[in-house]
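One letter stands for each residue in the lines below.
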Amino acid sequence: MSRRSVLRGSAGVAGAGLAFGALGTGTAAAADGAGAAAASSPAPARQGHTMVGVPFQRRSTVRVGIIGLGNRGGSMIDLFLALPGVQVRAVCDPVRAKAERAAAKVTAAGQPAPALYANGDDDYENLCRRGDIDLVYVATPWEAHFEMAKSALLHGKHVGVECPIAMRLDELWALVDLSERTRRHCMQLENCVYGRNEMRVLRMAHAGKFGELLHGAGAYNHDLRQLMFDPDYYEGPWRRQWHTRLRGDLYPNHGFGPVANYLDVNRGDRVVSISSFGTPALGLAEYREANMPAGDPSWKESYIGSDRTISMVRTAKGRVIRLEHDVSTPHPYSRINSLGGTKGVFEDYPARIYIEPDHTNHQWGSFARYADWDHWLWKEHSNPPGGHGGMDYLMVYRLIQCMRLGLVPDFDVYDAATWTAPVPLSHTSIRAKGAPLPIPDFTRGEWKKPRAGVDSVKPSS
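As annotated in an unreviewed UniProt entry, the chain is Glycosyl hydrolase family 109 protein from Streptomyces albipurpureus. As its UniProt record puts it under Cofactor (unreviewed entry), the chain is described as follows: "NAD(+)". Per UniProt, the chain carries the Sequence similarities (unreviewed entry) text "Belongs to the Gfo/Idh/MocA family. Glycosyl hydrolase 109 subfamily."

If you want it as structure tokens, here you go:
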């Protein structure tokens, strides 16, 4: 997205309700009461039919339109083009040079030149209107995700969106309703659930290796200070400016998604409440003081985003999930990624495990010993291409496989809404000094029915 569109979006949301979606700071205190009330209100009446268990229509070729061709979209197009049965029909970015570079990749892969949509910030609407697209992939700044997903659904397309899928509670409900009404899947393309460790732990958990599951933890603790102040990495200050709007967990999905899968959230259990706490916001201002010249536009910003947020999430079965977020202070990268039960525990970064009867004397064991528990996707693709250790490729591979074979997707709009709900709710809870807030049941009761997810069965064809 262009700087102009980011600023326009920022102005448009300022002053709205917090859990419903306040992103501005001026009316935050007044909005929090309304936000908490909205979070605790009953689920709105269903407008369509559930999307739980709904398969894709089988198709030999998946026709893709890509919106957003910056760092993420510009690299992910390579993975779509690497898969058989995929045609990239259209690409969109307000920066024409980016769209042209993406189009050149398509033709270099031997496909016909895709249609280019680079005429302003709203040209994505024209891409979504096309009749020759099955899947819209969205990789733009966060504030644009909701409107783009909405447009794709209203024009009859399945849509996959980078994290987080939306920034407001009412937007999450709107996407749930739209998916049900249009009969199209709206998916949070969460790559971390396809990590090798995550998928191995998932299979072990479902096989009972950890006993009765009790707790888990996930995080996005990643020092992004240098990147957030680099105008060449993030076009414009859009990501940094979210730290001027919200105090809570801005990016829960990478940590929440895998742990939710371990605990069968929305598939036999559900998350019911969240209580969040945040430290003072000091890290970005200190980095600016040490590294940014006088007169840099960042000096006009006032940061309120907690340097570290810690949220405690409770499930209907009484389990506990700890979520953390910290991109403003120096520390090694970690998603924590832990799971504990009555027979033992796994902890990542570094990966280590202790489960009975395999381990004794209170000494960690090697997780490499459990390679036989790898998911079939990792056994088929032991060295997948692409970024993030191959999880990006496996995510796209599996999505396209489900669409071509007419399978139920590994995750759906209910998972997308659940994994993203901590964004607005953690902000409101922090402002209320850690007060617990209910997490809506986006499934409207369907969570009680066990069903498959990322721990999928290998297709026979």
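Asks: What is the right way to read unusual backbone geometry from this model?
Replies: The bulk of non-glycine residues show a negative phi, and the bulk of peptide bonds are trans. A cis amide bond links Y349 to the next residue, P350, at an omega of 0 degrees. With omega at 5 degrees, the peptide bond leading from E356 into P357 counts as cis. The phi dihedral of N266 falls on the positive side, at around 70 degrees, and the residue is not glycine. Checked against the element boundaries, N266 lands in the loop between α11 (253–262) and β8 (271–278). A residue is classified by how much of its surface remains accessible, and N266, at 4% relative accessible area, is buried.

Asks: Help me out: how do you make sense of the sheet that holds strand β4 (residues 135–138) in this one?
Replies: Consider a sheet: its strands pair through backbone hydrogen bonds, and that pairing is either parallel or antiparallel. Strand order in this open sheet of six strands is β3-β2-β1-β4-β5-β6, and the pairing throughout is parallel. In this open sheet, the two edge strands, each paired with only one partner strand, are β3 (115–117) and β6 (186–188). This sheet shows a mean twist of 25 degrees between the axes of neighbouring strands, independent of strand direction. Direction of pairing for strand β1 (residues 62–67) relative to β4: parallel, over a ladder of four bridges. Paired with I67 across the strands is V138, a residue of β4. Of the strands in this sheet, β1, β4, β5 (158–161) and β6 touch helix α6 (residues 145–154), which is tilted by about 165 degrees from β5.

Asks: Help me understand the packing of aromatic side chains, please; the structure alone is not making it clear to me.
Replies: Think of a pair of aromatic rings as described by two things: how far the centres are apart, and how the planes are tilted against each other in angle. Taken as a whole and assessed by the stated rule, the structure comprises 15 aromatic pairs. Consider the rings of W142 and W242, whose centres lie 6.2 Å apart with planes at 40 degrees: the pair is tilted. Here W142, found in the loop between β4 and α6, pairs with W242, found in the loop between α10 (238–241) and α11; they are 100 residues apart in sequence, far enough to count as distant. Using a relative accessible area of 4% as the deciding quantity, one classes W142 as buried. For the ring pair Y220 and Y251, a centre distance of 4.6 Å and an interplane angle of 65 degrees mean the geometry is edge-to-face. Here Y220 is found in strand β7 (residues 213–221), whereas its partner Y251 is found in the loop between α10 and α11, with 31 residues between them in sequence. Residue class for Y220 comes out buried when judged on its relative accessible area of 7%. Since its relative accessible area comes to 10%, Y251 is described here as buried. One aromatic cluster in this structure is built from W142, Y220, Y233, Y234, W238, W242, Y251, Y333 and Y349. One Lys or Arg, R200, reaches over the ring of F367 and ends 4.7 Å from the middle of that ring. In this structure, R288 is placed above the aromatic ring of W299, and the distance from its NZ or CZ to the ring centre is 4.8 Å.

Asks: Is there a simple way to explain the sheet that holds β8 in this structure?
Replies: Read across the open sheet, the eight strands follow the order β13-β12-β11-β7-β10-β9-β8-β14; overall the sheet is mixed. In the strand order of this sheet, the two ends are held by β13 (352–355) and β14 (437–438), each with one partner. Pairing geometry for strand β12 (residues 344–347) and β13, over four bridges, is antiparallel. Bridged to V345 within β13 is Y354. Along the sheet face, α11 touches β7, β8, β9 (309–315), β10 (320–326) and β11 (338–341) and points at about 160 degrees away from the line of β7. Against the sheet, helix α16 (residues 422–431) makes contact with β8, β9, β10 and β14, and its axis sits at roughly 55 degrees relative to β8, the strand it touches most.

Asks: Looking at this structure, I do not really get the packing of α11 against helix α15 (residues 413–420). What am I missing?
Replies: Each pair of packed helices can be described by the angle between their axes along with the distance between the axes. With their axes 9 Å apart at the nearest point, α11 and α15 run at an angle of 125 degrees to one another. As judged from the angle between their axes, α11 and α15 are oblique. The interaxial crossing formed by α11 with α15 has right-handed handedness. Packed against α11, whose contacting residues are N253, F256, G257, A260 and N261, the element α15 presents T418, W419 and T420 at the interface. In terms of residue class, the contact of α11 with α15 is made up of three nonpolar, five polar and no charged.

Criteria and cut-off values
Residues numbered from 1 in each chain as written. Predicted model: local features only at pLDDT ≥ 70, side-chain atom pairs only at ≥ 80, totals over all residues. Heavy atoms only, no water. UniProt positions renumbered as here; feature names shortened; annotations may be inferred. Helix = DSSP H or I, 4+ residues; strand = E, 2+ residues; numbered from the N terminus. Buried < 20%, exposed > 50% of the residue type's maximum accessible area, 1.4 Å probe, protein only. Pairing = 2+ DSSP bridges. Axes fitted to C-alpha atoms, helices over the stretch in contact; angles between N-to-C directions. Contact = heavy atoms within 4.5 Å. Phe/Tyr/Trp six-rings, centres within 6.5 Å; stacked < 30°, edge-to-face > 60°. Lys NZ or Arg CZ within 6 Å of the ring centre and 35° of its normal. Parallel < 35°, antiparallel > 145°, perpendicular 65-115°, else oblique. Left-handed = near helix turned anticlockwise from the far one by under 90°. Nonpolar A, V, L, I, M, F, W, Y, C, P; charged D, E, K, R; others polar.

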